Amino acid sequence: MALSWRSWLANEGSKHLFLFFWLSLNVWLFGKTFLLYNQGLQYYYLHQMLGLGLCVSRASASVLNLNCCLVLLPMCRVLLAFLRGSQKVASKKTRRLLDKSKTFHVTCGVTICIFSVLHVAAHLVNALNFSENYNEEFVTLNAANYRGEVIMFLLVPGLTGVIMVLVLFLMCTASTYAIRVSNYDIFWYTHNLFFVFYMLLMLHVSGGVLKYQTNLEEHPPGCFNPNKTLRQNVTVPKAFEELFPDYTAEPFPEDLAVPEPFVQNSFMRVCSAEPKFQSHFPETWLWISGPLCLYCVERLYRYIRSNKPVTITSVISHPSNVLEVRMVKDDFEARPGQYVILHCPRVSALESHPFTLTMCPTDTKATFGVHLKVVGDWTERFRDLLLLHSNQDTEILPIFQQRRYPKLYVDGPFGSPFEESLNYEVSLCVAGGIGVTPFASVLNTLLDGWKCYKLRRLYFIWVCRDIESFRWFADLLCTLHNKLWQENRPDYINIQLYLSQTDGIQKIIGEKYQALNSRLLIGRPRWKLLFDDIAKCNRRKTIGVFCCGPNKISKILHKLSNSSNSYGTRFEYNKESFS
């Protein structure tokens, strides 16, 4: 499969351009700060004492400031949903770049971990140098009280730094894929330690250990101070006697002008005052206060928006351990492809989980719903609570006759890549197992009316391991198929169902599912032939490719989307992971 540069630029260009800009900003900040502390006159005496450790610690700190600022922005979900759904971001490429927010969050997090190690190592060297290179000439420059003092755990930056490293270690290790899959609770609880991390960061920079010289004009670094020589009864250098032949060992008279600060020859500079040192004004809060306040305001807004419980109208148990929950909420609006975060206090007081909407409210109905697969502790407890009250009865009751379900709070909706599926003329939607949920909301929307959208042809590919999984949305697919036939648009949607694991020919049981049985194929899709066929039928068009499923399928589709074809068709790849 030859690479198509046109398709590659469409799929990867904006992402790599942004990554290049971010990398350049990190390199520029690191280099600029390193040179400042290595060559800056105000850090001359501090650099003499600490050496390379000073430059590396401050340069890594500047990179940490930048990434601690940026890491919060991708988690401002309300802001991202607003930008995606508003006309503020008109470019489809820019909106697709917002889909990489989670990846950028992880990238910033990994960068914070790497440069934290570098920062800690540099400060360990600094602590040793503060102790060994105690400056008896300029006492105010020292962090130690005497030569040989161990200061690592005696100062605020040292104590807060150690705790921050422990917090960061917990957050980093609990964010690995293995822990997220095996025990999501650990990931959720440890990740919320970020607030402790930021509070410690505020304290960490307030120690004032590193100091810079403030009187460079009166005391150029490395200059000779005759007043100090007299006070200490030190022998005057011969070069100074030649430069000032009238110099005596007596103190300068009060009416005698002080020598110019920069009077110098090829050997030395002469100054009139002692160096004065001052602690740095903390700059970290300038970096992180804006994003931190924005994130806190958003969390407060989300809490206020979601503090009223929804009304559960029905709970339906589907095959293969899948549960459907339908509910209503006042003034709730959502677009197809979006997701919500569910919080049930009786399941967990703090824990909540995201689920894609499979049904969105419309002008004619206020009901919205989610399908969730029971695969962990939280979903198991949630299912037990709901089915305990419903007695596994799938009857949908009027709201005034509702059973007493446990309180359920909904936060959202939030944006996802699948919102764009209706904004292409041709879309290819590929789902693996429960990954069909975002496309279910798109299909439900098309069922209510498709003419108002740009979409004119939809290829829907759904791969499942067992035949019963297709029953989750079999009724929806059949209803949409029949509706399009009645409207003389049978070519609007192309449905292909693949049963990947089976011992023989199987069918979806039910007379009304004949339309789906004719589209049920055994085995896995032949993706290359599928892409070639779609490209041939849609020459010189841009096709949106949307995938929600296992990484193996995702990688194949991603590679094919960047490949060239002889029909001038371009595939734009979009993907959401539910791992």
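Residues numbered from 1 in each chain as written. Predicted model: local features only at pLDDT ≥ 70, side-chain atom pairs only at ≥ 80, totals over all residues. Heavy atoms only, no water.

When we look at burial in helix H9 (residues 184-191), the residues that qualify are Phe187, Trp188 and Thr190. Tucked into the core, H9 has its buried residues touching helix H7 (156-174) and helix H8 (177-182). (Buried < 20%, exposed > 50% of the residue type's maximum accessible area, 1.4 Å probe, protein only. Helix = DSSP H or I, 4+ residues; strand = E, 2+ residues; numbered from the N terminus. Contact = heavy atoms within 4.5 Å.)

Below, the discussion takes up a nonpolar patch on the surface. Residues Leu73, Leu79, Phe82 and Leu294 make up a contiguous nonpolar surface patch of roughly 320 Å² in combined accessible area. Along the chain, Leu73 turns up in the loop between helix H3 (52-70) and helix H4 (77-85). By relative accessible area, Leu73 is classed as partly exposed at 32%. (Patch = residues over 30% accessible without salt bridge, like charges linked within 9 Å, V, L, I, M, F, W, Y side chains within 5 Å. Areas by Shrake-Rupley, 256 points an atom, 1.4 Å probe, with all protein chains shown as cover. Salt bridge = Lys/Arg side-chain N within 4 Å of Asp/Glu carboxyl O.)

Here the structure, examined in full by the defined rule, presents 15 salt bridges. Arg335 is paired through a salt bridge with Glu419; the nearest N and O atoms lie 2.7 Å apart. Placement of the pair is Arg335 in the loop between strand E4 (322-328) and strand E5 (339-343) and Glu419 in the loop between strand E8 (409-414) and strand E9 (426-432), with a sequence separation of 84 residues. Put simply, Asp448 and Lys365 hold a salt bridge, and the shortest N to O gap is 3.4 Å. Residue Asp448 is found in helix H15 (residues 437-448), and its partner Lys365 is found in the loop between strand E6 (353-359) and strand E7 (368-373); the two are separated by 83 residues along the sequence.

Here we take up the environment of Glu420. Tracing the backbone shows Glu420 in the loop between E8 and E9. Residues Glu420 and Arg84, 336 residues apart in the sequence, show an inter-C-alpha distance of 9.4 Å.

Another aspect to go through is the nonpolar core. Counting residues in hydrophobic clusters, the biggest one holds 39 residues, and the most contacted among them are Leu446, Phe460, Trp462 and Leu497. Contributions of two or more residues to this core are made by E9, H15, strand E10 (457-464), helix H16 (474-486), strand E11 (493-499) and strand E13 (542-548). Element by element, the count of residues in this core is highest for H16, at six residues. One finds Phe332, Cys360, Val374 and Leu408 within the second-largest nonpolar core, a separate group that totals 27 residues. (Core = buried A, V, L, I, M, F, W, Y, C linked by side-chain atoms within 4.5 Å.)

The geometry of helix H10 (residues 194-204) relative to helix H13 (residues 284-305) is characterised by a closest axis approach of 11 Å and an angle of 150 degrees between their N-to-C directions. One way to sum up the angle between H10 and H13 is to call them roughly antiparallel. Crossing of H10 over H13 shows left-handed handedness. On H13, the residues that touch Phe194, Phe195, Tyr198, Met199, Leu201 and Met202 of H10 are Thr284, Trp285, Ile288, Leu292, Tyr295 and Cys296. Looking at the contact of H10 with H13 residue by residue, the classes come out as 11 nonpolar, one polar and no charged. (Axes fitted to C-alpha atoms, helices over the stretch in contact; angles between N-to-C directions. Parallel < 35°, antiparallel > 145°, perpendicular 65-115°, else oblique. Left-handed = near helix turned anticlockwise from the far one by under 90°. Nonpolar A, V, L, I, M, F, W, Y, C, P; charged D, E, K, R; others polar.)

This brings us to the UniProt feature "transmembrane region" (unreviewed entry) in the chain. Listed under "transmembrane region" (unreviewed entry) in the UniProt record, and renumbered for this structure, are residues 20-39, 59-83, 104-130, 150-174 and 186-205. The span residues 20-39 is 100% helix and 0% strand, and its two end C-alpha atoms sit 28 Å from each other. In residues 186-205, the share of helix is 85% and the share of strand is 0%. The end C-alpha atoms are 29 Å apart. (UniProt positions renumbered as here; feature names shortened; annotations may be inferred.)

Let us now look at the confidence of the model for the chain. Of the residues in the chain, 84% reach a pLDDT of 70 or more, and the chain-wide mean stands at 81. Helix H12 (residues 238-243) is the least confidently modelled element of the chain, averaging 50 in pLDDT, while H3 averages 93, the highest of any element. Considering only residues more than four positions removed or in separate chains, one finds that residues 230-236, a stretch of pLDDT under 50, has 12 contacts. Within the model, pLDDT remains below 50 along residues 247-267, and this stretch shows 32 contacts once partners closer than five positions in the same chain are excluded. (pLDDT = per-residue confidence, 0-100.)

Turning our eyes to something else, we now look at the sheet that holds E4. Here we have six strands laid out as an open sheet, ordered E3-E4-E7-E6-E5-E8, and antiparallel in their pairing. Lying at the two open borders of the sheet, with one neighbouring strand each, are strand E3 (311-318) and E8. Put simply, the sheet's adjacent strands are angled 35 degrees from each other on average, direction ignored. In terms of strand pairing, E4 meets E7 through six bridges, oriented antiparallel. The residue bridging Val325 from the neighbouring strand is Val370, located in E7. Contacting E5 and E8, H13 crosses the sheet at an angle of about 125 degrees to E8. Contacting E6 and E7, H15 crosses the sheet at an angle of about 30 degrees to E6. (Pairing = 2+ DSSP bridges.)

So, about the pairing of E13. Burial of E13 is extensive: six of the seven residues sit out of reach of the surface. Pairing geometry for E9 and E13, over six bridges, is parallel. In the sheet register, Val426 faces E13, and the bridge partner there is Ile543.

Moving on, we get to the side chain of Asn65. Secondary-structure assignment places Asn65 in helix H3. For Asn65, a relative accessible area of 11% puts it in the buried group. Apart from the residues within four sequence positions on either side, Asn65 is in contact with Thr284, Trp287 and Ile288.

Any aromatic ring pair is given by two values, namely how distant the centres are and how the planes are angled relative to each other. For the structure on display, the rule yields 25 aromatic pairs. Relative to Tyr198, the ring of Phe194 lies with its centre 6.4 Å away and its plane at 80 degrees, an arrangement referred to as edge-to-face. Highlighted residues: Phe194 and Tyr198, both in helix H10, separated by four residues, approximately one helical turn. Exposure class is identical for Phe194 and Tyr198. Each is buried. Where Phe418 meets Phe546, the ring centres are 6.3 Å apart and the plane angle is 50 degrees; that geometry is what we call tilted. Taken together, the residues Phe418 in the loop between E8 and E9 and Phe546 in strand E13 connect sequence positions 128 residues apart. Taken individually, Phe418 and Phe546 each receive the classification buried, so the pair is uniform in this respect. What links up through ring pairs into an aromatic cluster is the set Phe418, Tyr424, Phe439, Phe460, Trp462, Phe470, Trp472, Phe473 and Phe546. The cationic tip of Arg77 hangs over the ring face of Phe414; the distance from NZ or CZ to the ring centre is 5.9 Å. (Phe/Tyr/Trp six-rings, centres within 6.5 Å; stacked < 30°, edge-to-face > 60°. Lys NZ or Arg CZ within 6 Å of the ring centre and 35° of its normal.)

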